[in-house]
Amino acid sequence: MIGAMNDSPLTVLSPLDGTVASLDSVPDPVFATGTMGAGIAVVPDPDAEVVGIHAPADGVLIRVLPNLFVLDAKGHHILVHLGIDTARLDGQGFDMHWPEGMQVTKDMVVCTYTPRELGRMGFDPIVVVVAMRAGANDLSPLALPGEPISRAGGAVFVLRRIFSAAAVGMVLLAATGTTMPVGPEKAKLFLLVFFFVLTFIQVWPLVMTQRGHWGHRKHPVNKMYTFFSALGLAGTLGVVTVVFFNGDLEMLLTIAGPTMFLGVMGAAVLAFFATPWRDWSFRETERPKRSNGKAQRSRLGSADAKRED
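Worth saying up front: this structure is predicted, and the values here are computed from it rather than measured. In this convention, every chain numbers its residues from 1, walking through the sequence in written order. Totals for whole chains, interfaces and linings use all residues, but because this is a predicted model, local features are given only for residues with pLDDT of at least 70 and pairs of side-chain atoms are given and counted only at 80 or more. Each side-chain value is derived from all of the structure's non-hydrogen atoms; neither hydrogens nor water enter the calculation.

**Q** I'd like to hear about a nonpolar patch on the surface, residue by residue, with values.
**A** A cluster of nonpolar side chains, contributed by Leu189, Leu192, Val193, Phe196, Val197, Phe200, Ile201 and Trp204, occupies part of the molecular surface with about 850 Å² of accessible area. Between buried and exposed lies partly exposed: a residue is buried under 20% and exposed over 50% of the maximum accessible area for its type, with that area taken using a 1.4 Å probe on protein chains only. Among the residues examined, Phe196 registers a relative accessible area of 61% and is labelled exposed. Like-charged residues are merged into a patch within 9 Å and nonpolar side chains (Val, Leu, Ile, Met, Phe, Trp, Tyr) within 5 Å, provided each residue has over 30% relative accessible area and no salt bridge. Working definition of accessibility: Shrake-Rupley area with a 1.4 Å probe, residue cover restricted to the visible protein chains. By salt bridge we mean one thing: a side-chain nitrogen of Lys or Arg within 4 Å of a carboxyl oxygen of Asp or Glu.

Rendered as C-alpha cells:
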C-alpha cells in the first residue's frame with residue numbers, strides 16, 4: 001500500500017526562493033482540483049536565469065523526469081513539478097542532476113531550470129509541491145499565499161497523518177484496475193462506500209442469525225459465527241476511526257486491522273462451509289401453554305355435563 005501508511009509527520013520545505021501561491025490558483029486543473037494531492041505552489045523570480053531546485057525533504061528519488069521528480073520521504077510521496085505543461089519542452093531549459101534511486105537530503109540541489117527562458121517561450125514557471133494521495137486535511141500549511149519564502153528554513157507544510165483515507169481509497173481504486181485520475185475527495189467517498197458495504201454484509205447475517213432464521217441461535221456454529229461477526233465489526237469500527245478521524249492512532253490501527261480481517265474471514269468461512277440450519281435438533285420448539293385453573297375447571301365441568309346427557 002504505497003504511500004498510504006507513513007511512519008511519522010513530515011515537514012516539507014520550499015524547494016526554491018519565491019512567493020507562496022495556493023494550489024487552486026495554479027493554471028492546471030490537475031493540480032488546482034487536487035487530483036494529484038494537496039500542497040502549495042511557489043512562484044519564482046520571473047527574471048531569474050537559472051534557479052536551483054532543492055529536495056523538499058530527506059528521501060529517495062523514485063521518479064525523475066526533466067521537468068519533475070517524486071521523492072519518497074518517510075513513506076510520503078512528494079511531487080515537485082517545474083512549470084505548467086512543460087513536458088512538451090522535452091527537457092529544454094531543465095537539468096536534472098540525479099537519477100532515480102538516489103538518496104538525497106534537503107540541502108542538495110536535485111535539478112536546475114530557467115524561469116526566464118520558460119517565460120519567453122510562453123510557459124508559466126511556477127513550481128508545484130504536492131503530497132501525492134493526500135487530502136487537504138492531511139497537512140497543516142506553514143506558509144500563506146502571497147508570502148515570500150526562502151529556501152533557508154522555508155517550511156511550507158507539515159504532513160501530520162500517518163494513515164490517509166484518500167491514500168487508502170486510491171489504493172483500493174487502483175486494485176480494481178481503475179486508470180483514470182481520481183482526486184482525494186472522490187477516493188474518500190469510494191472508501192466510505194466500501195466500508196458501508198462491508199459493515200452491511202456483516203450486520204445483516206448477524207441479525208438474521210440472532211433471530212433464528214438459520215437454525216437455533218445457540219447452535220455451536222451460530223455461536224462461533226456471532227463471535228467472529230462481532231470481532232469483525234469491532235475491527236471495522238477501529239479501522240474507520242483511524243482512517244477517517246484520527247490517522248495518528250497507529251497502535252489502534254495495528255490492533256484493529258488484523259481484528260477486522262480475522263473476524264470477516266472467520267465469519268465468511270462459517271457462512272460458506274457450515275450449515276447449522278440443517279441440524280433440526282437445535283431448533284426451538286414451542287412449549288404448550290399452561291391453562292389457568294379456572295379455565296381448566298370450566299372445561300372439566302363441560303365434559304361432565306356432556307356425560308350426564
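Right, picking up where we left off after that structure.
**Q** So what's going on with the environment of Gly266? Residues and values would help.
**A** A run of H or I in DSSP becomes a helix once it reaches four residues, and a run of E becomes a strand once it reaches two; helices and strands are each numbered from the N terminus. Among the structural elements, Gly266 can be located in helix H6 (residues 250-273). Gly266 gets classed as buried once you look at its relative accessible area, which sits at 14%. In the structure, Gly266 is positioned 35 residues away from Leu231 in sequence and 9.3 Å away in space, judged by C-alpha atoms.

**Q** Let's hear about the sheet that holds strand E4 (residues 51-54): which residues, and what values?
**A** In space, the 3 strands of this open sheet follow the order E4-E10-E8, with antiparallel pairing throughout. Sheet topology places E4 and strand E8 (94-96) at the edges, where each strand pairs with a single neighbour. In this sheet, neighbouring strand axes are inclined to one another by 25° on average, regardless of whether the strands run parallel or antiparallel. Bridge count between E8 and strand E10 (residues 109-113): 3 bridges; the pairing is antiparallel. Whether two strands pair depends on DSSP finding at least two bridges between them. Only the stretch in contact is used when a helix axis is fitted, and all axes are lines through C-alpha atoms; the angle between N-to-C directions ranges over 0 to 180 degrees.

**Q** Outline the pattern of salt bridges, listing residues and values.
**A** Evaluated as defined, the whole model comprises 3 salt bridges. In this structure, the salt-bridge partner of Arg116 is Glu49, at a minimum N-O distance of 2.9 Å. Taken together, the residues span a long stretch of sequence, with Arg116 in helix H2 (residues 115-120) and Glu49 in the loop between strand E3 (37-43) and E4 at a distance of 67 residues. You can call Arg116 partly exposed: its relative accessible area is 34%. A salt bridge links Asp85 to Arg88, with the nearest nitrogen and oxygen atoms 2.8 Å apart. Take Asp85: its relative accessible area is 40%, and that puts it in the partly exposed class. When its relative accessible area of 61% is taken as the criterion, Arg88 is described as exposed.

**Q** Any details on the environment of Glu49? Residues and values, ideally.
**A** For Glu49, a relative accessible area of 42% puts it in the partly exposed group. Sequence separation between Glu49 and Thr114 is 65 residues; the distance between their C-alpha atoms is 5.3 Å. Within the local environment of Glu49, its side chain forms a polar contact with the side chain of Arg116, the two groups lying 2.9 Å apart. Nitrogen and oxygen atoms within 3.5 Å of one another constitute a polar contact, given that in protein one can donate a hydrogen and the other can accept it, and given that sequence-neighbouring residues count only through two side-chain atoms.

**Q** Describe helix H5 (residues 220-244), and please don't skip the residues or the numbers.
**A** Expected helix span is taken as 1.5 Å per residue step, with the number of steps being one fewer than the number of residues. Taking 1.5 Å of rise per residue, 25 residues should cover 36 Å, and H5 covers 36 Å from first to last C-alpha, within 8% of that figure. Taken residue by residue, H5 has Asn222, Tyr225, Phe228, Ser229, Gly232, Gly235, Thr236, Gly238, Val239, Val242 and Val243 as its buried positions.

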